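# What the coordinates show
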Amino acid sequence: MPLVTPAELAAIEAALGDGRHLRAASIEVGFDAFDFARTGASLVDRAVAYSTPWGSRLVGLGTAWHASASGPDRFRTVRDRIAQLEDPDLKVFVGYSFLPEVEAGSPWTDFNAVDAFVPRIALEGHGNASTLTVTIPADEDVAPTLELLGSMRRPESIPVVDPGDHTIESHPHVARWAESVADAVKVIQAGELDKVVLARGVRVESTEPVPILRVFRELVRSYPKCYNFAWKSFGSVFMGASPELLVRVVDGELTSNPLAGSAPRGEGDQEDARLGRHLLTSPKDRQEHALVVDDLEDRLSGVVEDLVVPSEPELKKMATVQHLSTLITGSYHGSVLDIVDRIHPTPAVGGVPTPDAVAYI
């Protein structure tokens, strides 16, 4: 069964207007955004599926416009390219790496240090109430895009199954990783750093192909209070579920929700509450959280008006873990990428002092 009917395709074609760079048209449709993603992601070079804790779902397939950059000015470069589109209603997906450059030969070479793209076909909504938008370059024939859209079929509901035998390897090796952690502790005890965030890779090799977007649907079901994302770039997919909001700007209202300091969820309400109380009063976790919040307050002050930073954190309870959480708010009317440029990486993913911690990492 096709996802988009011939009548809907005709309505899109009729609604496409004029544009100096891009032409776009939208219609209301009655299917789920993630069914759309599962159907079409394998047919295009780029694709994104994204969900929020309040239930919004956003999907983009294919590339109508793309910009990338690297180096210390990467965010400003992409911001200026986006501004040239002169259409504030277009959805632009932006993804970026931890460092300003992507290391050659790393697993991330299908991604740039910053990638921004306007999807050729986008879907936004809640549940089965969605808005579908087709965007094409101004000088391009719309027929191939409509043919692609018309070829998409409603996917079958198939449960995720074990994809076969698999092996797991730690990179670096667990022993080397333990040495790195011990060294970081010594550096902190010596007063060279206040905090540093280390990470290791785990490589899983399977005997069967992994159904990425079906796995993503399970991720959304398991962690509905997270920001779930799957970003396909050519042959690679970056997927995850994050409880943390770096920054959000809507109609001039800025929100940032740093998390730092964590504890497991308890078995039963009493144990869960006990673990939460311990987290709220833990000197170590409170210090870790304060380092993140104080750093964000310093970076946002003078740029964000009416900045409100609560003096005490709250608990944010997720499916398997609870975090110390502070909801920072304020007024901001510039580009959200300027804020990202100003605060990334935060101490939650880098450390304190940030330049020294990133250099250590």
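Refer to the structure presented above.
About the criteria used
Residues numbered from 1 in each chain as written. Predicted model: local features only at pLDDT ≥ 70, side-chain atom pairs only at ≥ 80, totals over all residues. Heavy atoms only, no water. Helix = DSSP H or I, 4+ residues; strand = E, 2+ residues; numbered from the N terminus. Rg over C-alpha atoms; globule rule 2.2 N^0.38 Å. Buried < 20%, exposed > 50% of the residue type's maximum accessible area, 1.4 Å probe, protein only. Contact = heavy atoms within 4.5 Å. Areas by Shrake-Rupley, 256 points an atom, 1.4 Å probe, with all protein chains shown as cover. Lys, Arg positive; Asp, Glu negative; His and termini not counted. Charge placed at Lys NZ, Arg CZ, Asp CG, Glu CD. 1 Å grid on protein atoms, 1.4 Å probe; cavity = no way out; pocket = protein on both sides within 12 Å on 5 of 7 lines; lining within 4 Å. Points joined across faces, edges and corners; volume = space filled by probe spheres on them. Nonpolar A, V, L, I, M, F, W, Y, C, P; charged D, E, K, R; others polar. Pairing = 2+ DSSP bridges. Salt bridge = Lys/Arg side-chain N within 4 Å of Asp/Glu carboxyl O.

## Let's talk about the overall build of the protein
If you tally the helices and strands in the protein, you get 10 helices and 21 strands. By the compact-globule yardstick of 21 Å for 361 residues, the protein fits well, its C-alpha radius of gyration being 22 Å. Scored against the burial criterion, the 361 residues of the protein give a buried share of 40%. Within the protein, contacts between residues separated by at least 24 positions form 70% of all contacts whose residues are at least 6 apart in sequence. Roughly 19000 Å² of accessible area belongs to the protein as shown, and the carbon and sulfur atoms make up 53% of that amount. Side-chain charges in the protein split into 33 positive and 52 negative, and the spacing between the mean points of these groups amounts to 3 Å.

## Examining the layout of surface pockets
There is about 340 Å³ of room inside the second largest pocket. As for the second largest pocket, its lining consists of 23 residues, and the residues nearest its centre are R38, A41, S42, I212 and L213. When its residues are assigned to classes, the lining of the second largest pocket shows 15 nonpolar, four polar and four charged.

## With respect to the pairing of strand β19 (residues 321-325)
Consecutive residues of a regular strand have side chains that alternate between opposite faces of the sheet. With four of five residues buried, β19 lies mostly within the body of the structure. Sheet analysis places strand β16 (residues 259-264) next to β19, joined by four bridges and oriented antiparallel. Within β19, the residue paired with S262 across the bridge is H323. The loop that links strand β18 (residues 314-317) with its antiparallel partner β19 comprises three residues.

## Digging into the pattern of salt bridges
Counted by the stated rule, this structure contains 21 salt bridges. Note that D32 and R217 form a salt bridge whose closest N and O atoms lie 3.3 Å from each other. You can see D32 sitting in the loop between β1 (22-29) and α2 (33-40) and its partner R217 sitting in helix α6 (residues 212-222), a full 185 residues away along the chain. Take D32 and R217: they sit in the same class, and that class is buried. The residue K195 makes a salt bridge to E288 at a minimum N-O spacing of 3.8 Å. A residue pair is termed long-range when its members are at least 10 positions apart, and K195 in strand β10 (residues 195-196) and E288 in helix α8 (residues 283-300) qualify at 93 residues.

## Some words on α2
Within α2, seven of the eight residues are buried, leaving the element largely enclosed by the surrounding structure. Among the residues of α2, A33, F34, D35, F36, A37, T39 and G40 are the ones counted as buried. Of the surrounding secondary structure, the elements contacted by the buried residues of α2 are β2 (46-51), β3 (57-61), β7 (121-126), β8 (129-137), α4 (143-151) and α6.

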